[in-house]
Structure formats: structure tokens, C-alpha cells
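Spelled out from the first residue to the last, the chains are:
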Amino acid sequence: MPEIHIDTTNKSAVLDLISYQPHDQYRAGITLSKPSLDAEFEPPTASLGNLKVLPVEIFDWVIKYATMHAASSLRTVNRQTRLLVDASLPYKHIISSAPHIGATLVRTGVAPHFTVEEVFWILTHPACRVCGNFGMYLWILDLERCCFTCLKEDPNLMPMTEKDARAAFGLTAGQMSQIPVVVSLPGKYKAFGVMRRRTGKFVSRVRARQLGLAIHGDEDGLSNYFTSSNSKAKAAYDKKAVQRSKPMAYDSHGRVNNTLNSVERYLVSVHLPYLDLKTYTTKMGLACSGCQFAVNRRSALSFTSVEMEALMRCRDCAYTEAGIIDHFKECADAQALWNASPCKDELEVCWEGQKVMDNFLKNIRWPSCYTLTKGM
Ligand SMILES: [Zn+2]
Ligand SMILES: [Zn+2]
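Quick notes on the rules
Residues numbered from 1 in each chain as written. Chains lettered and ligands numbered in written order. Predicted model: local features only at pLDDT ≥ 70, side-chain atom pairs only at ≥ 80, totals over all residues. Helix = DSSP H or I, 4+ residues; strand = E, 2+ residues; numbered from the N terminus. Buried ≥ 20, exposed ≤ 12 C-beta atoms within 10 Å, placed from the backbone. Contact = placed C-beta atoms within 7 Å. Pairing = 2+ DSSP bridges. Axes fitted to C-alpha atoms, helices over the stretch in contact; angles between N-to-C directions. Parallel < 35°, antiparallel > 145°, perpendicular 65-115°, else oblique. Arc of directions from axis to C-beta.

(A) Structural detail: the overall build of the chain. A tally of regular secondary structure across the chain gives 21 helices and 12 strands. Residues counted as buried form 35% of the 376 residues belonging to the chain. The contacts of the chain with a sequence gap of at least 6 include a subset with a gap of at least 24, amounting to 73%.

(B) Just the sheet that holds strand β4 (residues 160–161), in detail. Here three strands make up an open sheet; going across it, the order is β4-β8-β5 and the pairing antiparallel. Strands at the two margins of the open sheet, each flanked by one partner only, are β4 and β5 (182–183). Two strands pair when backbone bridges link them, and β5 and strand β8 (residues 201–203) are joined in this way by two bridges, in the antiparallel orientation. Paired with V182 across the two strands is F202, which belongs to β8.

(C) Structural detail: helix α16 (residues 289–296). For α16, a buried count of six out of eight residues is recorded, marking the element as mostly surrounded by other parts of the structure. Turning to α16, its buried residues number three or more, namely S289, G290, C291, Q292, F293 and A294.

(D) Local environment of the environment of H327. Among the structural elements, H327 can be located in helix α18 (residues 321–328). Given 20 C-beta atoms within a 10 Å radius, H327 is considered buried. Sequence-wise, H327 and C288 are 39 residues apart; in three dimensions their C-alpha atoms are separated by 8.3 Å. Not counting the four nearest positions on each side in its chain, H327 is found in contact with C288 and Y319.

(E) Inspection of the packing of helix α4 (residues 68–75) against helix α5 (residues 79–87) at higher detail. As a packed pair, α4 and α5 sit with axes 7 Å apart at the nearest point and diverge in direction by 140°. Taken together, the axes of α4 and α5 lie oblique to each other. From α4, A71, L74 and R75 reach across to α5, where they touch T81, R82 and V85.

(F) Layout of the sheet that holds strand β2 (residues 137–139). The strand order across the open sheet formed by three strands is β3-β2-β9, and the pairing between neighbours is antiparallel. Two strands lie at the open edges of the sheet, namely β3 (144–146) and β9 (269–271), each paired on one side alone. Direction aside, neighbouring strands of the sheet carry axes that sit 35° apart on average. By the bridge criterion, three bridges tie β2 to β3 in an arrangement that is antiparallel. The residue bridging W139 from the neighbouring strand is E144, located in β3.

(G) Representation of helix α1 (residues 11–18) in the model. Every buried residue of α1 is listed here: A13, V14, L17 and I18. Angular distribution of buried residues about the axis of α1 spans 110°; they occupy a single face of the element. Every exposed residue of α1 that faces more than 90 degrees away from the buried side is listed here: K11 and S12.

(H) Region of the structure containing the environment of Q21. Relative to the helices and strands, Q21 is located in the loop between β1 (19–20) and α2 (23–26). C-alpha of Q21 to C-alpha of A318: the two residues are 297 residues apart in sequence and 9.1 Å apart in space.

(I) Summary view of unusual backbone geometry. The omega angle of the peptide bond from L89 to P90 is 10°, so this bond is cis rather than trans. One can find P90 in the loop between α5 and α6 (91–97). Unusually for a residue other than glycine, N261 sits at a positive phi of about 60°. Here N261 lies in the loop between α14 (232–244) and α15 (263–267).

Right, here's the structure in full:
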């Protein structure tokens, strides 16, 4: 592949042509109709009361180590405390870069489990916890960042219902309050394109197991529970577990994976932008138009299902600006779009994702690498 030189004169044109914002992916998980708990308000008249003796630095420190629930609650005391909390660091960066995150944690019921500092940390670290690529989702139950492919198929990113967790690990309702329990929100989950009206309670399997170990003492204690429990709930859970273990689907790692792309994965996740602390800019996540284009060609080319899966995994990758430029250097389809584009010479923006791609497909003079394809 001949190398395409990218410099300051063509970088933004390349970015505009070969990248787009994957809005459907942003909305794959929880999407709040009102992303913020805020509303316009009059200037405050009440005082801070006893809190007014605190220097700003101490107040920032208190908020930093407070839970998201405590910070949100303090904001509701009066308009003065709200101004102060919103101006405190790092809370200020959370509400300016990802205003929906605080509201999502509050509304799903897990805000008491995570501090402002922990949320800020995950906002400012871009890597998926599973594969290390750029991730643009928050897996709420562990407050971890993940990418679309891992969210779709990683076994540890599949939540279990609270009811199953209690049966599986011998836990009571009171004990479950020690770990985050997401109460799912009704709404449209774009990964499925359907309304989900039913709500449910979900927990992380890993955390539920850890809690089980703590409650039963150790591995032996937990094993004793597994073998000795004769509750109906445990029997029902075991029956379901046997059903689920039958090999009905496989993931991209070749593992038996019957929870591939399950809706429950999206009920406990939300789009998470990345705050770059070098520039203090927020990255929403970009996708490659070339990889999307490669998937769109499926009707004209005969791909095997394995090849198609691989193409879709590439299509579902997200990048920062720097990351997609690196990807461009290796992506034959993105380079083909660039080489065939009238933008290449004019250096003008003429691309805005999928809609324009359709136009582009009609008018493009195909580069030689596509001349063997049929029906295009
Ligand atoms: Zn990943
Ligand atoms: Zn690509």
C-alpha cells in the first residue's frame, strides 16, 4: 500500500472524509431524554451556613472524595451550594465533559458506590479495560471503561440479575446493598432499536461472587453453599445455568458465548466520552468511514460469516483523532476512499458519515482495487 503523507495541510480534510461520529453507537446503551439534572436558576440568596468557613481548596477536597450521591445531594441544599459544587475540581470537569454520567449514576441507583474522584479517573483514561483499545462506554456496575466489541461479548461484561446473584452466591437482599445494583431504565436502546419498558435489577457477577466469598468466609465456604443449598431459588438458578451453558453461539475468540450481544449488557452501560487532560478537550469517539464502507459492500461481495464478523468488528472500533489517523495509515478501505475522493485535491469538507457515503458510492470512480467486484 503506497504511503499517504498526512500533514497540517490535509489532516483535517482526511479526518472529515474518513471519520464520522457513530451516533447509533453513542446511543447503544442508556440514553437519557434529559441528560442533566440541571435547570436554569436565579442567582443564589441563601448562604452556605457552616460550610462558609471552609477555604475553596478544602471544599474541593471534600467533594473530590465524596460519593457522586453525596455531591448530588449537596447540590440540592440551595443554589449557593450548587454553584460551589459545580465549580469544584474535578466535579466541574465531569459535568462539563460528560453531564449525563452523573445523572445516569443517580438514576440507576449506583451513585452512593462511586466517588467523584473515581468517576473523574475513568473519564480521563481512554483504554478499554479488557482489550486496551479506545473504549467509549462506561460499564456502570464496575465503573469501568470498555469498547463496543468487548461490551458485546466479554463474559465479565454480562451482568446477572440481582435475583440470580442472590441464589447463586447465597446472599440476602440486605447484603446486596454492599455492591452496586443497577435499576435499569426504560427507554430505547439503540443497539436493538426497540423500546425496553420493563425494568430490572442487575449486578456484576464478579462483585457478587466476591461478596459471596466474604459472606461465606472463603472458597471452601462458598463451595459448601453450592453443594448444600436446597433452596428453590438455587435449584431454579442451577437449571437456568445448565441451559445457558449449552453451546448455541460463539464469540470472536471462539468461546461458547450464549450472551453475545444480550440486551442486558446495554442496560448497564452508557456512552462515556474521554477528557484529554493534555488539551482539556473532550473526545466523543470517532469511527472509520472506510471500515463502514467495507461492511456496506457485503451485498456485492461474497464474504464468509467469519470474514463478515471481522469486518464488523473493525467497523465497530472507535478512535480518538490521533488514533484514527494511525488507523488510516493501515486501513486500505479508508485510503481507497481518500484516493478516490474529489476532496483529496480540493481539501474541502464533503463528508458527513453514512448519508454522504451513499451519495459517494453512487458517484465514485472506483479505484482499481475494487474493479473486480460485481454489481457496484
Ligand atoms: Zn475492548
Ligand atoms: Zn478503517
